[in-house]
Amino acid sequence: MRENKPFVILAVDDNLLNLKLIEKSLSKEGYQILTADNGKDGRKLAAEKKPDLILLDIEMPDEDGFHVITRLKDNPVTASIPVIFLTGVKDVDSKLKGFELGAVDYITKPFHPMEVIARVSIHLKLSIAVNSMVLNQAEKLRQITDAQISMLPLPADYPDAKFGVFYRALEEAGGDFYDILNISDKIKGYFVADVSGHDIKASYMMASLKALLAQNCTPMYSPEQSMQMINAVLLEILPEIKYLTACYARLDRAAGKLILINAGHPPVVYLPLGKAPVLLKSDGDILGMFSNAQFGIHRVNVKKGDRFFMYTDGLVESAESKITWSSGAENFVPLFKEVRNTPVENAPSELMEKLLRAGFVYEDDIVLLCVEV
Amino acid sequence: MNFKDMASDLGFDEDDFTELAQLLVTTSLSDLKKLENGVDLKNTDKVAKAAHSIKGAAGNLGFIKISGVAAEIESDARRGSLTGIEKKIKTIKAGLNAIMNAIDQ
């Protein structure tokens, strides 16, 4: 019973006596019984009422039990409902075929009502346990997602940083990350990274990265030194197969100086006021892999109104279309000028809308950060 | 034929069992018609399916003799044989009559 609702069992058998026998046996135990005397009606009832368990006869005219279970498993609405076969056939092949098609058990006819009750009870318990496990895991993932999102700063939290952001994780736990750093009143840091994989381990990296950035991106260190320090720590804490690509921008608005550090990451798109967008390409080693990593560095004199875009490879790379980020980035550059006059907070999401309208398909996590000088 | 004991064996009360026995007679007579039709047409597949249905239903309620004879008919028919089937049909009919008499008492 759940919240005083009885468990619902659907029995599908062309023999009316068998249906009645099942109905009487199980209703005595407090179950609610639905019956169908043919496969087609059984499937329809299953989809409409979503019973907790199905007892299904194999030998029926028209749609036999094998056909019915195949259709049930093909339908997302009914796919997870446990099915117990009722069979008068004793050959092993027939039973194995039932298991292969997704049955959880079988009851041989003639059956004793007490056996039906016992098997229904045990499979409901198993089903409840599995569902509960799935729900628990989903809840844990949701908590991770919530924690992850809470770590990502929003423009309203950093009004002086003048940025807009689009963030989308492909799964509950994303591997892309960004952060905004108040290095001083005049100097802000912008960091975008892509941890290899987009699983739970990748998402745990976020908390570590955030702490590392806060510790190392300070006025004391140059941007390159900050990345070297972070790389050294990551080398110690990351498993061998884990690494990240990253781009760190330090913007001194008062001095009009932008310094970009590239660690194996797609190039920044720079959109000077009134001019065409350009890619600021620079080679650099990834973070967390090499002790003597060399990073790409760009120093750009910027003016008020200039914009630059940092993003992860999910924006420009497509495994399906075999587009690498180096060629993908070139293709996307002309699009950036179309959001030149959009308020900076909205520019990333508007750019994504334009991309989606042009046929863009999500294949990976995405961060798209737009900063205005 | 003791309905009370048979009901108890299955975990039912006598009234429930009587209702089920009545249904067995109704469905099995219907299956018997199909079976006899199959015999007339020498359609062994039809005979086997009807016999299969009687076998399972009677067996579920504990009417072992009816179930056993139906199993023999099914087995023979699946092998393509209808030899001696008339006598077996009579046995099933007699068994169903006995159930009806027990219900009426």
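Residues numbered from 1 in each chain as written. Chains lettered and ligands numbered in written order. Predicted model: local features only at pLDDT ≥ 70, side-chain atom pairs only at ≥ 80, totals over all residues. Heavy atoms only, no water.

Asks: What's the story with the overall build of chain A in this structure? I'm lost.
Replies: Helix and strand counts for chain A come out as nine helices and 15 strands. Relative to its full complement of 373 residues, chain A shows a buried share of 51%. A separation of at least 24 residues holds for 66% of the contacts in chain A among residues at least 6 apart in sequence. Put simply, chain A shows about 17700 Å² of open surface, and 53% of that area lies on carbon and sulfur atoms. (Helix = DSSP H or I, 4+ residues; strand = E, 2+ residues; numbered from the N terminus. Buried < 20%, exposed > 50% of the residue type's maximum accessible area, 1.4 Å probe, protein only. Contact = heavy atoms within 4.5 Å. Areas by Shrake-Rupley, 256 points an atom, 1.4 Å probe, with all protein chains shown as cover.)

Asks: Whenever I open this one, the overall build of chain B confuses me. Can you help?
Replies: A tally of helices and strands in chain B yields five helices and zero strands. Starting at the N terminus, the α and β elements of chain B follow one another as α-α-α-α-α. For chain B, whose C-alpha radius of gyration is 14 Å, the value lies close to the compact-globule estimate of 13 Å for 105 residues. Across its three principal axes, chain B shows a C-alpha extent of roughly 40 × 20 × 15 Å. The buried share of chain B, reckoned over its 105 residues, is 49%. Within chain B, contacts between residues separated by at least 24 positions form 56% of all contacts whose residues are at least 6 apart in sequence. (Rg over C-alpha atoms; globule rule 2.2 N^0.38 Å.)

Asks: Got a minute to help me understand the environment of Lys95 of chain A in this structure?
Replies: All names here are of chain A. With respect to the secondary-structure elements, Lys95 resides in helix H4 (residues 92–100). Among the residues examined, Lys95 registers a relative accessible area of 19% and is labelled buried. Considered as a pair, Lys95 and Asp105 are 10 residues apart in the sequence and their alpha carbons are 8.8 Å apart. Residues in contact with Lys95, not counting those within four places in the same chain, are Val89, Lys90, Tyr106 and Thr108.

Asks: What should I look at first to understand the domain arrangement of chain A in this one?
Replies: How big an interface is tends to be expressed through the accessible area that disappears when the partners come together. Domain annotation for chain A reports domain 1 (8–142) and domain 2 (152–372). Look at where the C-alpha atoms of domain 1 of chain A and domain 2 of chain A centre, and you get two points 52 Å apart. (Domains from an automatic or database assignment.)

Asks: Honestly, the packing of helix H2 (residues 39–49) of chain A against helix H3 (residues 65–74) of chain A in this entry has me stumped. Any pointers?
Replies: Relative placement of two packed helices is described by the angle separating their axes and the distance separating the axes. Residue and element names in this part refer to chain A. Where H2 meets H3, the axes come as close as 10 Å, and the angle between the chain directions of the two elements is 25°. The pairing of H2 with H3 is recorded here as roughly parallel in orientation. Where H2 crosses over H3, the handedness of that crossing is right-handed. Residues Gly39, Arg43 and Ala46 of H2 pack against Val68, Arg71 and Leu72 of H3. For the contact of H2 with H3, the residue count by class is three nonpolar, one polar and two charged. (Axes fitted to C-alpha atoms, helices over the stretch in contact; angles between N-to-C directions. Parallel < 35°, antiparallel > 145°, perpendicular 65-115°, else oblique. Left-handed = near helix turned anticlockwise from the far one by under 90°. Nonpolar A, V, L, I, M, F, W, Y, C, P; charged D, E, K, R; others polar.)

Asks: Looking at this structure, how should I read the sheet that holds strand S2 (residues 32–36) of chain A?
Replies: Two modes of strand pairing occur in sheets, parallel and antiparallel, and in both the strands are linked by backbone hydrogen bonds. All names here are of chain A. Read across the open sheet, the five strands follow the order S2-S1-S3-S4-S5; overall the sheet is parallel. Bordering the open sheet on either side are S2 and strand S5 (105–108), each of which pairs with just one other strand. Between one strand and the next, the sheet's axes are offset by a mean angle of 20°, whatever the strand orientation. Alignment of strand S1 (residues 8–12) against strand S3 (residues 53–57), held across four bridges, turns out to be parallel. Looking at the pairing, Ala11 lines up with Leu55 of S3. Most of the contacts of helix H1 (residues 16–28) go to S2, to which it runs at about 170°, and overall it touches S1, S2, S3 and strand S4 (83–87). Together, S3 and S4 form the strand contacts of H3, whose direction differs from that of S4 by roughly 175°. (Pairing = 2+ DSSP bridges.)

Asks: Please explain a nonpolar patch on the surface as it appears in this structure.
Replies: Judged by side-chain polarity, Val92, Leu96 and Phe99 of chain A come together as a nonpolar surface patch covering roughly 260 Å² of accessible area. What makes Phe99 of chain A partly exposed here is its relative accessible area of 35%. (Patch = residues over 30% accessible without salt bridge, like charges linked within 9 Å, V, L, I, M, F, W, Y side chains within 5 Å. Salt bridge = Lys/Arg side-chain N within 4 Å of Asp/Glu carboxyl O.)

Asks: Looking at this structure, how should I read the sheet that holds strand S14 (residues 307–311) of chain A?
Replies: Residue and element names in this part refer to chain A. In spatial order, the strands read S6-S15-S14-S11-S12; together these five strands make up an open sheet with antiparallel pairing. The sheet terminates laterally at strand S6 (163–168) and strand S12 (278–280), the two strands that pair on one side only. Taking each pair of neighbouring strands and ignoring which way they run, the sheet shows an average axis angle of 20°. As paired elements, strand S11 (residues 268–271) and S12 share three bridges and run antiparallel to each other. Of the residues in S12, the one forming a bridge with Val269 is Leu279.

Asks: Looking at this structure, I do not really get the packing of aromatic side chains. What am I missing?
Replies: A ring pair, where both rings are aromatic, is described by two values, the distance of the centres and the angle of the planes. Residue and element names in this part refer to chain A. Applying the stated criterion across every chain, the model contains 10 aromatic pairs over all chains. Between Phe191 and Tyr248, the aromatic rings sit 6.5 Å apart at their centres with planes inclined by 55°, giving tilted as the arrangement. Residue Phe191 is found in strand S8 (residues 187–195), and its partner Tyr248 is found in strand S9 (residues 244–252); the two are separated by 57 residues along the sequence. Relative to Phe336, the ring of Tyr311 has its centre 6.4 Å away and its plane inclined at 35°; by these criteria the two rings are tilted. Remark: Phe336 occurs in helix H8 (residues 325–336) and Tyr311 occurs in strand S14; sequence separation between them is 25 residues. Residue class for Phe336 comes out buried when judged on its relative accessible area of 2%. Aromatic ring contacts, followed pair by pair, group Phe177, Phe191 and Tyr248 into a single cluster. (Phe/Tyr/Trp six-rings, centres within 6.5 Å; stacked < 30°, edge-to-face > 60°.)

Asks: Any chance you could explain the packing of helix H2 (residues 14–40) of chain B against helix H5 (residues 85–104) of chain B here in plain terms?
Replies: Residue and element names in this part refer to chain B. Running from N to C, H2 and H5 cross one another at 160°; their axes reach a closest spacing of 10 Å. Our classification of the angle between H2 and H5 gives roughly antiparallel. Where H2 crosses over H5, the handedness of that crossing is left-handed. Across the interface between the two elements, Thr18, Ala21, Gln22, Leu24, Val25, Ser28, Leu29, Leu32, Leu35, Glu36 and Val39 from H2 touch Ile85, Ile89, Ile92, Lys93, Leu96, Ile99, Met100 and Ile103 from H5. The residue inventory of the contact of H2 with H5, partitioned by class, reads 14 nonpolar, three polar and two charged.

Asks: Just checking my understanding: could you explain the nonpolar core for this structure?
Replies: Formed by 55 residues in total, the largest nonpolar core has its most connected members in Leu26 and Leu55 of chain A together with Leu35, Phe63 and Ile99 of chain B. Apart from the residues within four sequence positions on either side, Phe63 of chain B is in contact with Met1, Phe3, Met6, Phe17, Leu24, Ala58 and Ile99 of chain B. (Core = buried A, V, L, I, M, F, W, Y, C linked by side-chain atoms within 4.5 Å.)

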